[in-house]
Amino acid sequence: MRQTTILLAASAATLGACATAPETAGPADFTPIASTPSANARLYADCIAQATQRNRYGHAYEEVHVVIFTCDGAPARAFFDALGPWAASQNSEVVTGGRTIRATTRIERDLFAADYCEKRGEAVTCSISLRTGEFARP
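Predicted model only: the values in this text are computed from it and were never measured. (Residues numbered from 1 in each chain as written. Predicted model: local features only at pLDDT ≥ 70, side-chain atom pairs only at ≥ 80, totals over all residues. Heavy atoms only, no water.)

### A word on helix 3 (residues 73–90)
Taking 1.5 Å as the rise per residue, helix 3 with 18 residues should run 26 Å; its terminal C-alpha atoms sit 25 Å apart, in good agreement. Along its length, helix 3 reaches its greatest deviation from straightness, about 40 degrees, at glycine 84, and the proline proline 85 lies no more than four positions downstream. Taken as a whole, helix 3 has its buried residues at Pro75, Ala76, Phe79, Phe80, Leu83, Gly84 and Ala87. Here the buried face of helix 3 lies against helix 2 (39–53), strand 2 (65–72), strand 3 (93–96), strand 4 (99–103), strand 5 (116–120) and strand 6 (123–131). Note on helix 3: the residue one or two positions beyond its end, asparagine 91, has a positive phi of about 55 degrees. (Helix = DSSP H or I, 4+ residues; strand = E, 2+ residues; numbered from the N terminus. Expected span 1.5 Å × (residues − 1). Bend = angle between axes of the 7 residues up to and from the residue. Buried < 20%, exposed > 50% of the residue type's maximum accessible area, 1.4 Å probe, protein only. Contact = heavy atoms within 4.5 Å.)

Structure representation (structure tokens):
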């Protein structure tokens, strides 16, 4: 209960500060982002590594620039299987046209910039989108 009260107070203070903050932003913060090991992050790394080795990546643009990495085989199967419980809990699994698609987030409109795996028969592929900005534009 105490943590909830503190969280609500902090949220209210933050919202209040946002509502009254001046229009100019302060100086940029260049502090490195901290990270922690993650089994699920390893699924991304394995897929991207295979896609890189096989030259299965490319640029796409629709409101944002992304590089899409595509893997198959063992890395894709491991990612697809790990996504099973997650997709069920997030309502992000879709079965359509002989494909089972499992995404890391719920698909609202289309698959653009989504990280997802799809299974057709026994074949599994995964697509990982990395937001890049215009630098990756062809």
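Structure shown, so let's carry the discussion forward.
### A short note on helix 2
Helical periodicity: at 3.6 residues per turn, an α-helix aligns residues three or four positions apart in one direction. Here helix 2 contains 15 residues, and its C-alpha end-to-end distance of 21 Å stays within 8% of the 21 Å for a straight helix at 1.5 Å per residue. Every buried residue belonging to helix 2 is among Leu43, Cys47, Gln50 and Ala51, and all of these are buried. One side of helix 2 holds all its buried residues, which, seen down the axis, span an arc of 100 degrees. Across helix 2 from its buried face, at more than 90 degrees, point the exposed residues Arg42 and Gln53. Buried residues belonging to helix 2 abut strand 1 (57–61), strand 2, helix 3 and strand 6. Two or three places before asparagine 40, at the start of helix 2, stands the capping residue serine 38, its side-chain oxygen 3.3 Å from that residue's backbone nitrogen. With its phi angle positive at about 55 degrees, asparagine 55 sits one or two positions after the end of helix 2. (Arc of directions from axis to C-beta. Polar contact = N/O pair within 3.5 Å; in protein donor to acceptor, adjacent residues only side chain to side chain.)

### Looking at the state of the cysteines
Taken as a whole and assessed by the stated rule, the structure comprises two disulfides. Residue cysteine 47 pairs covalently with cysteine 71 via a disulfide, S to S 2.1 Å. Measuring the twist about the S-S bond at about -105 degrees, one finds the cysteine 47-cysteine 71 disulfide to be left-handed. Pair noted here: cysteine 47 is in helix 2 and cysteine 71 is in strand 2, with a separation of 24 residues, a long-range link. (Disulfide = S-S within 2.5 Å.)

### Quick word on the packing of aromatic side chains
The description of an aromatic ring pair rests on the distance of the ring centres and on the angle between the ring planes. Taken as a whole and judged by the stated rule, the model has two aromatic pairs. Ring geometry for tyrosine 44 against phenylalanine 79: centres 5.1 Å apart, planes inclined by 70 degrees, an arrangement best described as edge-to-face. On the criterion of sequence distance, the pair formed by tyrosine 44 in helix 2 and phenylalanine 79 in helix 3 is long-range, its members being 35 residues apart. Residue tyrosine 44 is classed as partly exposed on the basis of its relative accessible area of 25%. (Phe/Tyr/Trp six-rings, centres within 6.5 Å; stacked < 30°, edge-to-face > 60°.)

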